[in-house]
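So the chains spell out like this:
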Amino acid sequence: MTKRAYKERFYPTPEQAALLAQSFGCARFVWNNTLAYRTEAYQQRGETLTHSAAEKRLVALKAEYPWLKDVSSVILQQALRDQKAAFDNFFNPTLKARYPHFKAKDGRQSIRLTRAAFRYRDGEITIAKTKAPLPIRWSRPLPGAPSSVTLSRDRAGRYFISCLCEFTPEPLPVSPNTVGVDLGLTDLFITSNVQKSGNPRYLKRYAAKLAYLQRRLSKKQRGSNNRHKMRRKVARLHAKIADCRRDAMHKATRTLVNENQVICVETLNIVGMLKNKTLAKAISDAGWGEFLRQLAYKADWAGRQLIQVSRWLPSSKTCHHCGHKIKKLPLSQRHWHCDGCGQAIDRDINAARNIETAGRAGVACGATGSGAVA
């Protein structure tokens, strides 16, 4: 058994939308107020606010601000638990998480509810302080009752619910195929069996329209309704770009997992690559990190092997046919001829084949399971 989040969209009634707006605001206030108190206590007095002290302080906050009692107390308590988790991640040296930041009113809003604050019955979810269930557009039935739900509203004004449920993944039938995958910018990924995915470049496709809307937004008066409407249009276009990119990645990773038993990929220092000002925008638009993340959990659920090959492997500069290695290979040079065997080599396909060879060697040496390193 493992836990999985099922994210669906819902369309609240006016009464539910008003309650959600109030809940988002109260949770945001508790988060920001507690974070400011934590930061001030440490910087000025050297004190550390524990989670139990923060919960006791919440009682005083509710007495000082009575409108906090208009929403479910679970929402406020969960905001403190989420902040504790954020600080735990910040102090964990292996995660390298940033210091928790304040939440903005015009950003993405979210609240988390445990079973004490919602009811799941007959495929419908009803949250505390409401009588009617949420009008959710279910794309698939849940495998069981959710242990918690997260309600969110993005900057485009869309509402989503994420249900955390336990489910048992079903491994796919064993496949005889092994593939090496090389990530790129001209093509999002290139496989060792000479498959090039292409790169839709969604951000570049909508760049002109996005720039036009942002110019119009910059001319609107701050605080005006027209500025709010224009900001919503910009957010909708950003949401469209993100949705297109996410949909393409899910389809690509699902195909790779379904067709191959062993998938070999190269570990990449994506954070370091983003420091290249020339390529940072293209790398972000390609979404390499999300692509590898989806491959990892889908391979794990499907019983596939995901082998991670060292980033220091000279996959592009080593001839797959004879093993001859050239000294220099500029990024702009996409094809080259091997001096050892005379083969005409496509840089990306050659790299994918070398990654597959290294991954096979790793499997032969005992690298097993999803995420194994060769």
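Just above sits the structure.
Residues numbered from 1 in each chain as written. Predicted model: local features only at pLDDT ≥ 70, side-chain atom pairs only at ≥ 80, totals over all residues. Heavy atoms only, no water.

(A) Region of the structure containing the overall build of the protein chain. Secondary structure summary: the protein chain contains 10 helices and 15 strands in total. Within the protein chain, the proportion of its 374 residues that are buried is 41%. Sequence separation of 24 or more characterises 69% of the internal contacts of the protein chain that already satisfy a separation of 6 or more. A total of about 21300 Å² of accessible surface is found on the protein chain, and carbon and sulfur atoms cover 52% of it. Separation between the mean location of the 65 positive side-chain charges and that of the 28 negative ones in the protein chain comes to 7 Å. (Helix = DSSP H or I, 4+ residues; strand = E, 2+ residues; numbered from the N terminus. Buried < 20%, exposed > 50% of the residue type's maximum accessible area, 1.4 Å probe, protein only. Contact = heavy atoms within 4.5 Å. Areas by Shrake-Rupley, 256 points an atom, 1.4 Å probe, with all protein chains shown as cover. Lys, Arg positive; Asp, Glu negative; His and termini not counted. Charge placed at Lys NZ, Arg CZ, Asp CG, Glu CD.)

(B) Main features of the packing of aromatic side chains. Across all of its chains, the model carries 11 aromatic pairs by this definition. Ring centres 5.6 Å apart and planes at 55° place the aromatic pair F10 and Y159 in the tilted group. A residue pair is termed long-range when its members are at least 10 positions apart, and F10 in strand β1 (residues 2-10) and Y159 in strand β7 (residues 159-167) qualify at 149 residues. The class of F10 is buried, set by a relative accessible area of 1%. (Phe/Tyr/Trp six-rings, centres within 6.5 Å; stacked < 30°, edge-to-face > 60°.)

(C) Examining the pattern of salt bridges more closely. Across all of its chains, the model carries 13 salt bridges by this definition. Between E47 and R45 there is a salt bridge, and its shortest N-O distance comes to 3.4 Å. D88 serves as the salt-bridge partner of K84, at 3.0 Å between the closest nitrogen and oxygen. Separated by four residues within a single helix, K84 and D88 lie in helix α3 (residues 73-91), roughly one turn from each other. With a relative accessible area of 36%, K84 lands in the partly exposed category. Judged by relative accessible area, D88 falls into the partly exposed class, the value being 41%. (Salt bridge = Lys/Arg side-chain N within 4 Å of Asp/Glu carboxyl O.)

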